[in-house]
Every structure is written in structure tokens, then in C-alpha cells.
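This is what each chain is made of:
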Amino acid sequence: MSHQAIWILDFGSQDTQLIARRIRELGVYCEVRPCTDPAPAALPEHVLGVILSGGPASVLGADAPAFDARWVGFGPPVLGICYGMQWLALHHGAEVRAGRTREYGPAGVRIVGDHAVFADWAADAVHGVWMSHGDHVAAPPTGWTALSTSEGGVLAAMASPDGRTVALQFHPEVTHTERGAVLIRRFVMDICGCVGDWTPGSFVEEAVAHIRATVGDGEVVCALSGGVDSAVVASLLHKAIGRRSHCIFVDNGLLRAGEVEGVRREFADMDLVVVDARARFIDALAGVTEPERKRKVIGELFIRVFEEEAVRWGTHIGWLAQGTLYPDVIESVSVRGPSAVIKSHHNVGGLPERMAFKLIEPVRELFKDEVRRVGLALGLSDARVWRQPFPGPGLAVRCLGEVTAARLAVLSAADAIVREEIALAGWDRKVWQSFVVLLPVRTDCVMGDERTYEETAVVRAVHSSDGMTADWVHLPHDLLGRISARITNEVRGINRVAYDISSKPPATIEWE
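Residues numbered from 1 in each chain as written. Predicted model: local features only at pLDDT ≥ 70, side-chain atom pairs only at ≥ 80, totals over all residues. Heavy atoms only, no water.

## A short note on the overall build of the protein chain
- The helix and strand tally for the protein chain stands at 13 helices and 20 strands.
- Along the longest, intermediate and shortest principal axes, the C-alpha atoms of the protein chain span 75 × 60 × 40 Å.
- When burial is assessed residue by residue, the protein chain has 57% of its 512 residues classed as buried.
- Relative to all contacts within the protein chain whose residues are 6 or more apart in sequence, the contacts with residues 24 or more apart total 75%.
- Charge separation in the protein chain, taken as the distance between the mean sites of 51 positive and 64 negative side-chain charges, equals 2 Å. (Helix = DSSP H or I, 4+ residues; strand = E, 2+ residues; numbered from the N terminus. Buried < 20%, exposed > 50% of the residue type's maximum accessible area, 1.4 Å probe, protein only. Contact = heavy atoms within 4.5 Å. Lys, Arg positive; Asp, Glu negative; His and termini not counted. Charge placed at Lys NZ, Arg CZ, Asp CG, Glu CD.)

## Remarks on the sheet that holds strand β12 (residues 220–223)
- Ordered by their spatial adjacency, 5 strands build an open sheet running β14-β13-β12-β15-β16, and the pairing between neighbours is parallel. Strands with a single pairing partner mark the edges of an open sheet, and in this sheet they are β14 (272–276) and β16 (358–360). Strand-to-strand twist across the sheet, computed as the mean angle between neighbouring axes with direction ignored, equals 30 degrees.
- In this structure, strand β13 (residues 245–251) lies alongside β14, joined through 5 bridges in parallel fashion. Looking at β14, one finds that I248 is bridged to V273.
- The sheet contacts of helix α8 (residues 291–310) involve β12, β13, β14 and β15 (319–321), and relative to β13 the element is tilted by about 130 degrees. (Pairing = 2+ DSSP bridges. Axes fitted to C-alpha atoms, helices over the stretch in contact; angles between N-to-C directions.)

## What about the packing of helix α12 (residues 405–424) against helix α13 (residues 477–490)?
- At a minimum axis distance of 10 Å, the contact between α12 and α13 shows a crossing angle of 150 degrees. On the basis of the axis angle, α12 is roughly antiparallel to α13. Helix-helix and strand crossings are classified by hand; for α12 and α13 the assignment is right-handed. Here α12 contributes A414, I417, V418, E420, E421 and I422 to the contact with α13, which in turn contributes L479, R482, I483, R486, I487 and E490.
- Taken together, the residues that form the contact of α12 with α13 break down as 7 nonpolar, no polar and 5 charged. (Parallel < 35°, antiparallel > 145°, perpendicular 65-115°, else oblique. Left-handed = near helix turned anticlockwise from the far one by under 90°. Nonpolar A, V, L, I, M, F, W, Y, C, P; charged D, E, K, R; others polar.)

## Examining α12
- Given a rise of 1.5 Å per residue, 20 residues ought to cover 28 Å, and the 29 Å separating the end C-alpha atoms of α12 matches this to within 8%.
- Listing the buried residues of α12 in full gives R407, L408, V410, L411, S412, A414, D415, I417, V418, E421 and I422.
- Its buried side turned inward, α12 meets α7 (278–284), β17 (433–447), β18 (450–463), α13 and β20 (494–499).
- The positive-phi residue at the C-terminal boundary of α12 is G426, with phi of around 80 degrees. (Expected span 1.5 Å × (residues − 1).)

## Quick word on the packing of helix α5 (residues 228–241) against helix α10 (residues 368–378)
- Put simply, α5 and α10 touch, their axes get as near as 9 Å, and they point 45 degrees apart. Judged by the inter-axis angle, α5 sits oblique to α10. As for the relative orientation of α5 and α10, their crossing is left-handed in sense. On α10, the residues touching V228, D229, V232, S235, L236 and K239 of α5 are K368, V371, R372, V374, G375 and L378.

## Things to note about the nonpolar core
- Residues L236, L254, F281, F306 and V363 are the most contacted members of the largest nonpolar core, which totals 86 residues.
- Top contributing element to this core by residue count: α5, with 9 residues.
- Not counting residues up to four positions away in its chain, the partners in contact with F306 are V221, A223, I248, V250, L320 and F357.
- Membership of the second largest hydrophobic core comes to 36 residues, among which are C82, A159, L168 and V188. (Core = buried A, V, L, I, M, F, W, Y, C linked by side-chain atoms within 4.5 Å.)

## Some remarks on the packing of aromatic side chains
- Enumeration according to the criterion identifies 12 aromatic pairs in this entry.
- Look at W7 and W71: their rings are 6.1 Å apart centre to centre, the planes differ by 65 degrees, and that puts the pair in the edge-to-face class. Residue W7 is located in strand β1 (residues 5–10), and its partner W71 is located in the loop between β3 (47–52) and β4 (78–81); the two are separated by 64 residues in the primary sequence. We note that W7, like W71, is buried. (Phe/Tyr/Trp six-rings, centres within 6.5 Å; stacked < 30°, edge-to-face > 60°.)

## Observations concerning the pattern of salt bridges
- Summed over the entire model, instances satisfying the criterion amount to 33 salt bridges.
- We note a salt bridge from E300 to R304, for which the minimum N-O separation is 3.5 Å. Taken together, the residues E300 and R304, both in helix α8 and 4 residues apart, mark about one turn of the helix.
- Look at E300 and you get partly exposed, because its relative accessible area is 36%.
- With its nearest N and O atoms 2.7 Å apart, the salt bridge here joins D444 to R451.
- Of the residues examined, D444 reaches a relative accessible area of 44% and is grouped as partly exposed.
- Put simply, E420, E421, D478, R482, R486 and E490 are held in one network by salt bridges that share partners. (Salt bridge = Lys/Arg side-chain N within 4 Å of Asp/Glu carboxyl O.)

## A few points about α10
- Taken residue by residue, α10 has K368, D369, E370, V371, R372, V374 and G375 as its buried positions.
- The secondary structure elements touched by the buried residues of α10 are α1 (16–24), α4 (200–215), α5 and α11 (382–385).
- Where α10 ends, the next residue or the one after it, G379, has phi of about 90 degrees, a positive value.

So this is what it looks like as C-alpha cells:
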């Protein structure tokens with residue numbers, strides 16, 4: 001690796017990859033490693049800084065993950081965040097106290113010490129930050145300097161005597177922290193001395209090299225969904241191994257209206273096989289209502305279809321390539337450190353334990369907006385790059401309750417109306433996602449002087465940049481009115497429309 005780099009040691013925070021994202025936005029390569037990795041004899045020369053992430057455990061508890069203290073003794077600057085600050089304090093002999101209550105959410109801090117990372121923070125103001133911790137550091141270690149305190153008097157930041165190790169109780173990586181990205185920039189550029197020489201083009205070069213080294217002379221099945229993530233993976237594979245990559249698009253009956261035809265047209269020049277598995281998926285989902293079970297049924301059936309189709313090319317294919325992104329991963333499994341599982345995604349925690357393929361996931365460490373930049377670097381069309389995210393389990397996780405062909409037809413028709421009206425109003429590039437959820441809730445309504453007793457549709461539209469957090473969109477009332485009127489008038493099976501005004505957190509973007 002020739003590019004300058006920052007290494008993050010992950011203690012299991014849900015936000016660890018957000019730190020990496022902020023650093024990559026500066027044009028600096030960043031790598032996330034498990035906190036349990038043993039420290040090497042020496043850091044590679046290109047690694048100019050080390051970050052200790054937050055995490056769900058207590059440094060005072062029996063569940064504290066094992067950590068090799070040599071990681072912080074190599075010489076490059078160190079930044080500790082939340083759990084990382086508490087570990088540094090304990091390591092250097094300071095007292096860490098267990099909090100009686102967990103401090104989670106917005107908080108105010110004041111700057112009380114001088115350090116380059118706070119050069120953009122006024123000393124005479126209260127600054128909004130995001131806290132997420134139970135334990136706290138009672139006082140800085142001997143010789144260290146207090147840099148910030150919360151309005152409640154809790155130590156919020158401190159620095160080592162030489163200023164090359166900085167620790168923060170709050171999370172600078174989340175958007176809720178004012179000037180958080182600027183603080184990270186100060187650490188990466190001013191303290192560590194990085195210059196920013198990593199680009200989406202650099203990622204393409206590294207991903208292609210990684211694919212070639214991983215696959216060798218083997219062949220790969222590429223799970224193509226039509227979205228930007230799998231399209232980028234397909235393009236990377238084609239660039240790396242050419243015709244030894246075989247794309248399979250599964251028509252599972254859970255897709256949006258017109259999706260199959262659109263994929264056939266756009267990927268006609270690739271080695272593409274379209275498999276009609278609609279009946280298999282609908283049959284497998286019969287009677288399944290629990291969301292986690294839905295995802296696992298879908299994930300396993302996808303794999304079985306890929307295994308069956310792989311024999312089409314007359315040779316053993318040992319690899320399956322997926323467009324898995326980091327938000328899918330962090331919600332599904334413990335990735336680096338001991339993070340909490342939120343829900344399984346069909347292509348991560350939903351995969352069966354036994355399958356004929358080994359996985360290759362070239363964009364697993366990226367967020368959606370980063371994948372889009374890579375897609376542009378690869379020359380994908382704007383329409384494909386800016387396509388709204390669509391869940392791998394498709395409409396199954398928007399069809400709450402039992403998934404049937406009849407209910408899917410109702411949901412698909414309502415979804416098509418929302419997409420059309422959002423586009424006509426010029427909002428399709430202003431929102432991250434807009435879609436319909438069908439609820440197994442029937443209500444009485446009057447339509448044409450007759451009583452109807454049909455299901456309820458919920459329209460959801462959110463703003464986001466990476467899918468990790470999201471805010472609901474204040475769509476114009478006249479647009480919502482047109483959507484509601486068209487759905488209730490044109491879609492038989494829905495007689496009531498609601499609008500979801502929940503943000504993430506606490507809600508997830510998808511309902512299931």
C-alpha cells in the first residue's frame with residue numbers, strides 16, 4: 001500500500017465506519033481492524049495515525065474486549081473516541097468511573113484547553129456534540145491536559161503531554177456533533193500529517209488487484225440486482241477477470257414494477273442470465289410473517305438458485321460476488337469489534353451456514369455515496385449510479401405480515417405511483433429513498449357511497465447520505481395529497497394512506 005493511511009482499531013461501535021468515511025472524504029485511505037488483533041512488531045511506514053473507536057462494552061467490566069497495548073506505543077499520533085478515551089485513561093493510570101445513568105444523545109461542551117484539534121472551536125461558546133456512554137473519566141492522567149468539559153462537568157476531551165495523543169468522550173464522526181468533521185480533519189491532516197492522495201480511482205485499482213489476488217484463476221458468480229452496488233461489483237469483476245465473471249439476475253417476484261425489463265436492457269452486453277424464480281420465492285414465504293425469518297428464507301433461496309445456475313457454465317465456480325455495503329454489515333453481524341446486531345440483512349446475517357461458494361464483497365467497507373463515486377469513476381450511467389436504494393429482500397420487507405402474490409401486486413402498484421409522482425414533482429434526486437409499506441391493518445372507509453374494508457399503505461421518504469442515519473422528508477402537502485388520492489383511487493386493496501415521520505434512529509429506514 002503506497003497511500004498514506006490511518007488505521008482504526010474497532011471496539012464494536014455502530015459508528016466505527018463513519019470515522020473511516022470522514023477520513024476517506026479527506027482523500028486519506030483508512031482501514032478498520034479488529035481491536036483484538038495483536039500489534040505487529042512495527043507499523044508500516046504509510047500508517048501515519050491510529051484511532052481507537054467507541055464500543056458497547058465497559059472498560060471496567062468483564063466483557064471488555066482484549067486489546068494489545070503496544071498499538072498505542074509505536075509513535076504515530078493516537079485519537080481515542082468514547083471507549084477509546086476511557087481505555088487510554090485507564091492505561092495511563094487515571095480513574096474511570098461507572099456512570100449511574102447512560103448519557104446518550106445531544107450534549108453541550110466547552111473548550112477549556114488549547115490544542116490544534118479544537119482550533120476551530122470558540123473557547124467562549126457551548127458546542128453541540130453527540131454523547132453515547134455510561135462510564136466516564138474522572139480526571140486526566142498525570143501530566144495530561146483537560147481540553148473540554150461537558151455542561152454537567154464531565155471531562156469531554158484530554159491530550160497527552162506531547163499533544164500527539166488526543167481523547168474525546170463524544171463522537172466527532174456523527175453529523176450531530178458541530179464541527180466534528182473539522183476536528184477529524186485537524187487530527188488527520190495537522191497532527192498526523194496526511195496530505196490526501198486517495199481517490200475513487202485509487203479504490204478501483206486496489207479492488208481490482210484484490211479481486212485478482214483472491215480469485216486467482218477461478219470463476220465467479222455475480223449476484224446482479226440492478227442497483228448501483230451490484231452494478232459496481234459487476235464492473236469491478238469484469239475489469240479484474242473479464243469473462244470469468246458470470247452475472248445472474250434473479251426475478252424473485254419481490255421486485256418493483258418494470259425492474260426485470262430494465263435490467264435486461266441495461267446489462268444486455270454482459271454475460272447475464274435472468275432466472276424466473278417467482279413461484280419458488282412466493283411459495284417459500286407462505287405463512288412467514290416474522291421479519292427476521294423472511295430475510296433468512298430469502299437469503300437461503302438466493303444462494304440455492306445461484307448454486308443451481310452455476311453449473312450452466314460447465315465448470316466449478318467457487319466464488320459468489322455481492323454488492324454488500326457497510327450499513328448492511330454493521331446492522332447484521334459483529335464486524336470488527338463486538339458490535340450489537342440490529343437485524344440480519346438477507347445477504348449478510350441471512351445467508352445459510354452451508355453453501356457451495358466463498359464470498360467476495362469488494363464494496364463491503366463502503367457507504368452508498370462512496371459506491372456512487374466509484375461507479376462514476378467506472379463510467380456507469382447517471383441513471384444507474386443515482387438509483388434509489390432498494391432492499392435485497394425486495395418488497396417482502398415492505399409487505400408487513402404474510403407475503404402473497406396478491407398483496408405484492410397491490411404494493412407494487414402503489415409503489416409505482418409514489419415513484420412516478422415523486423419524479424414528476426422533481427423530488428427523485430432530493431430524497432435518499434421514497435417507497436410504500438403495506439400494513440396488514442384493515443380499516444373502514446367510504447368509497448363511492450359504499451363501505452370498503454381494505455389495507456393501509458404508509459408512504460416513507462427520507463434524507464440520508466450513507467444510510468446510517470436518516471431524517472424524514474417534509475414533502476409538500478399537495479404532493480402527498482396527489483399520492484394519496486391516486487393510490488386510493490387506482491389501487492384496489494388500499495383504502496387509507498399514511499405518511500411516516502420517523503427518523504433513524506430510533507427507527508430504521510425500512511420497516512422490516
